[in-house]
Amino acid sequence: MALPPIVSTEAWQGARDELLVKEKAATRALDALAAERRRLPMVRMDDRYEFERHDGGTVRLLDLFEGRRQLLVYHFMLSPDSDDVCGGCAAFTDNIPRLEHLAARDTTFVLMSRARRSQIVPVRERMGWTLPWYSSYDTGLHEEIGIARGDRDAFGLSVFLRDGEDVYRTYLTQSRGVDRLRMDFNLLDLTPLGRQEEWEDSPEGWPQTPPYQWWRLHDEY
């Protein structure tokens, strides 16, 4: 494996300063996107849905907020027709921070799957997660917001805003938009070897494998 050029401290600092200019520009661009995102129009949600919580009990969409103004819902791929656990969704969930920090800014975070509660409970216990996890089995919510179509399941992150008794959908991101939120990916992107996946632009001869194939549930590595 060919290493990057070996240079003096002064030369390294010069190269680092040049990259920092681009990093700051990217940060400002992300800030501008966030500002635009905050101004997106909203869609009023029908509160006809009823979800079953992992520990039992049925709640409405409004109840998911737990009295807070904002709600983040990660749509975890767990199909009612299969007990296969999505490695990517599991890794995303492993990267979720303590929820107290979100609650401090009037925001609630939950997991949601189309699977039945009886499928969700053993996965949650196996992985040691304490996050609230709801079943949207047979509610039609995933289909309404475009997360699932027919038998095709998908992952994504939805954002909702509550104004009194009214609930609005404000944002949805999927695919690479969700990847960008993973702390492990963000940390790997800072390293010389990166994520070590074939799509990355890395120096010739550096270790790379096909994407997704290296992902495991954390108790399977």
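Just above sits the structure.
Parameters and conventions
Residues numbered from 1 in each chain as written. Predicted model: local features only at pLDDT ≥ 70, side-chain atom pairs only at ≥ 80, totals over all residues. Heavy atoms only, no water. Pairing = 2+ DSSP bridges. Helix = DSSP H or I, 4+ residues; strand = E, 2+ residues; numbered from the N terminus. Contact = heavy atoms within 4.5 Å. Axes fitted to C-alpha atoms, helices over the stretch in contact; angles between N-to-C directions. Phe/Tyr/Trp six-rings, centres within 6.5 Å; stacked < 30°, edge-to-face > 60°. Buried < 20%, exposed > 50% of the residue type's maximum accessible area, 1.4 Å probe, protein only. Lys NZ or Arg CZ within 6 Å of the ring centre and 35° of its normal.

Draft legend 1. A look at the sheet that holds strand E4 (residues 70-75). Spatially, E1-E8-E7-E4-E5-E6-E2-E3 is the arrangement adopted by the 8 strands of the open sheet, whose pairing is mixed. Edge strands, defined here as strands with exactly one partner in the open sheet, are strand E1 (43-44) and strand E3 (58-60). Inspection of the sheet shows strand E2 (residues 50-53) paired to strand E6 (residues 133-135) by 2 bridges, in the antiparallel sense. Directly across from Glu52, in E6, lies its bridge partner Ser135. Of the strands in this sheet, E4 and strand E5 (107-113) are in contact with helix H2 (residues 87-94), which crosses E4 at around 145°.

Draft legend 2. Local environment of the packing of aromatic side chains. Inspection of every chain in the model, using the stated rule, returns 9 aromatic pairs. When the ring of Tyr74 is compared with that of Phe92, the centres are 4.1 Å apart and the planes differ by 15°; the resulting orientation is stacked. With a gap of 18 residues between them, Tyr74 in strand E4 and Phe92 in helix H2 connect regions that are remote in the sequence. Considered together, Tyr74 and Phe92 belong to a single accessibility category, that of buried residues. Look at Phe76 and Trp129: their rings are 5.8 Å apart centre to centre, the planes differ by 65°, and that puts the pair in the edge-to-face class. On the criterion of sequence distance, the pair formed by Phe76 in the loop between E4 and H2 and Trp129 in the loop between helix H4 (117-127) and E6 is long-range, its members being 53 residues apart. Given a relative accessible area of 1%, Phe76 falls into the buried group. An aromatic cluster is built from Tyr74, Phe76, Phe92, Trp129 and Trp133, whose rings are joined through pairwise contacts. The lysine or arginine in question, Arg37, covers the ring of Tyr171, its NZ or CZ lying 5.1 Å from the ring centre.

Draft legend 3. Examining the pairing of E4 more closely. With 5 of its 6 residues buried, E4 lies for the most part within the structure. By the bridge criterion, 6 bridges tie E4 to E5 in an arrangement that is parallel. Within the sheet, the bridge partner assigned to Leu71 lies in E5 and is Thr108. For E4 and strand E7 (residues 156-163), the ladder comprises 6 bridges, and the chain directions are antiparallel. Looking at E7, one finds that Val73 is bridged to Ser158.

Draft legend 4. Structural view of the pairing of strand E8 (residues 166-173). Alignment of E1 against E8, held across 2 bridges, turns out to be antiparallel. Each bridged residue has a counterpart across the sheet, and for Arg44 the counterpart in E8 is Tyr168. Joining the antiparallel neighbours E7 and E8 is a turn of 2 residues, in which Gly164 adopts a positive phi near 65°.

Draft legend 5. Just the environment of Leu72, in detail. With respect to the helices, strands and loops of the structure, Leu72 is situated in strand E4. A relative accessible area of 18% means that Leu72 is categorised as buried. Along the primary structure Leu72 and Ser158 are separated by 86 residues, whereas in three dimensions their C-alpha atoms are 5.9 Å apart. Leaving out residues up to four positions away in the same chain, Leu72 has contacts with Leu102, Thr107, Thr108, Phe109, Val110, Ser158 and Val159.

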